[in-house]
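# Examination of the molecular architecture
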Amino acid sequence: MKRLFFWFLLTVSLSAKVTVAVSIAAEEYLAKRVGGDLVEVFTLSPKNSSSHQYEPKMADMKLISRADLYLACGVEFERSWLKRFASNAPKMRIVHLDRKIERSAERKFDTHIWFSTENMRLMAEETVRALMIADPANSAIYLQNGSKTINEIDQVKKYIDGKLNGYRGRIFLTDHPAFGFFADEFGLRQLSIEIDHHEPKPRDIQAIIKVAKEKNIKTIFAEKNMAHKIADTIADAIGAKVVELELVSSDWANQMIDIADSFERAFDESN
Ligand SMILES: [Zn+2]
């Protein structure tokens, strides 16, 4: 009898966690913050690497096959893989965290939604809803964790507003166009070296150099762990430096704070 009870406890505690698969690191932040100890989170697209070229591996498919929930967010690989995930794991619920995000024509195909705190707020709300449906018994905890998460997101917004409010209307130069949503939210203008994920043509480079000189741009942002040869060339041509930023981190709040600090420094130096 005792042994039976022990096995009962063991099975309950093993099956109690909700297994959540997510596409990218920013969703990992949300799932872990909202889910706490009640969830086990598996992130497909590896950290410190871009989600744009990511393709799931056999090992990923195995992990997905035992997931209860998949949190999608509109990144490239989902387009061809979500259907396969669904047939591989028929009981897994797929929830689109980006469901309520509004997109302007310019941002229609921009996958970098996590650089907007307003988008993250909507995604946090969807995460709460998804976990409450997956595990109704713990709804109160998800609601409570969710409001703490939203509070943290709001604090990040406040911090960035405080840092960048004085630079509204300013233009920044980036190797990779990751900051469209960020620019929209904080009243900035993004100038990107890469155009639609392609290298610029020589005449595009000339145009960028011209604007950068006019605006006295002294910083070019680039993604950490990624090659940025053209950015280096342009930096040499205009006497600027390349500043590498972490763009794929599950420590979302600190990542955003670092970005805001770097932007403030860049605007400050180009005065
Ligand atoms: Zn990107």
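Once a new chain begins, its residue numbering starts again from 1 and follows that chain's sequence as written. A pLDDT threshold of at least 70 governs which residues receive local features in this predicted model, and a stricter bar of 80 or more applies before side-chain atom pairs are shown or counted, although totals over entire chains, interfaces and linings include all residues.

Before going further, it helps to spend a moment on the overall build of the protein. Numbered from the N terminus, helices here are DSSP runs of H or I no shorter than four residues, and strands are runs of E no shorter than two. Of the regular secondary structure elements, the protein holds ten helices and eight strands. In terms of overall dimensions, the protein has C-alpha extents of about 80 × 40 × 30 Å along its principal axes. Our exposure labels follow a C-beta count within 10 Å of each residue's own C-beta, placed from the backbone: buried means 20 or more other C-beta atoms, exposed means 12 or fewer, and partly exposed covers the counts in between. Sorting the 271 residues of the protein into buried and exposed places 37% on the buried side.

Next up on the list: the domain arrangement of the protein. Looking at the protein, the domain boundaries give domain 1 (2–153) and domain 2 (161–269). Start and end positions for the domains come from either an automated domain assignment or a database one. Computed over C-alpha atoms only, the centres of domain 1 and domain 2 are separated by 29 Å. Contributing elements (two or more residues each) for the side of domain 1 that touches domain 2: α2 (25–35) and α5 (117–134). No other element matches α2, which puts four residues into the side of domain 1 that touches domain 2. By residue class, the composition of the side of domain 1 that touches domain 2 is six nonpolar, eight polar and seven charged. Amino acids outside the nonpolar list (Ala, Val, Leu, Ile, Met, Phe, Trp, Tyr, Cys, Pro) and the charged list (Asp, Glu, Lys, Arg) are all regarded as polar, and Gly is one of them.

Here, strands pair whenever DSSP counts at least two bridges between them. As paired strands, strand β7 (residues 219–223) and strand β8 (residues 241–245) are joined by five bridges and run parallel to one another. For Glu-223, the partnering residue across the bridge sits in β8 and is Leu-245.

Looking now at unusual backbone geometry. Although it is not a glycine, Asn-216 adopts a positive phi angle of roughly 55 degrees. The residue Asn-225 is not glycine, and still its phi comes out positive at about 70 degrees. For Asn-225, a count of 13 C-beta atoms within 10 Å translates into the label partly exposed.

The subject of this paragraph is the nonpolar core. Val-20, Ala-31, Leu-69, Leu-71, Cys-73, Leu-131 and Ile-220 are the most contacted members of the largest nonpolar core, which has 68 residues in total. We call two residues in contact when the distance between their C-beta atoms, placed using the backbone, is within 7 Å. Cys-73 has contacts with Ser-23, Ile-24, Glu-27, Leu-97, Asp-98, Ile-113 and Met-123, leaving out every residue within four places of it along the chain. Core membership is restricted to buried Ala, Val, Leu, Ile, Met, Phe, Trp, Tyr and Cys residues, and these are joined into a nonpolar core through C-beta atoms within 7 Å.

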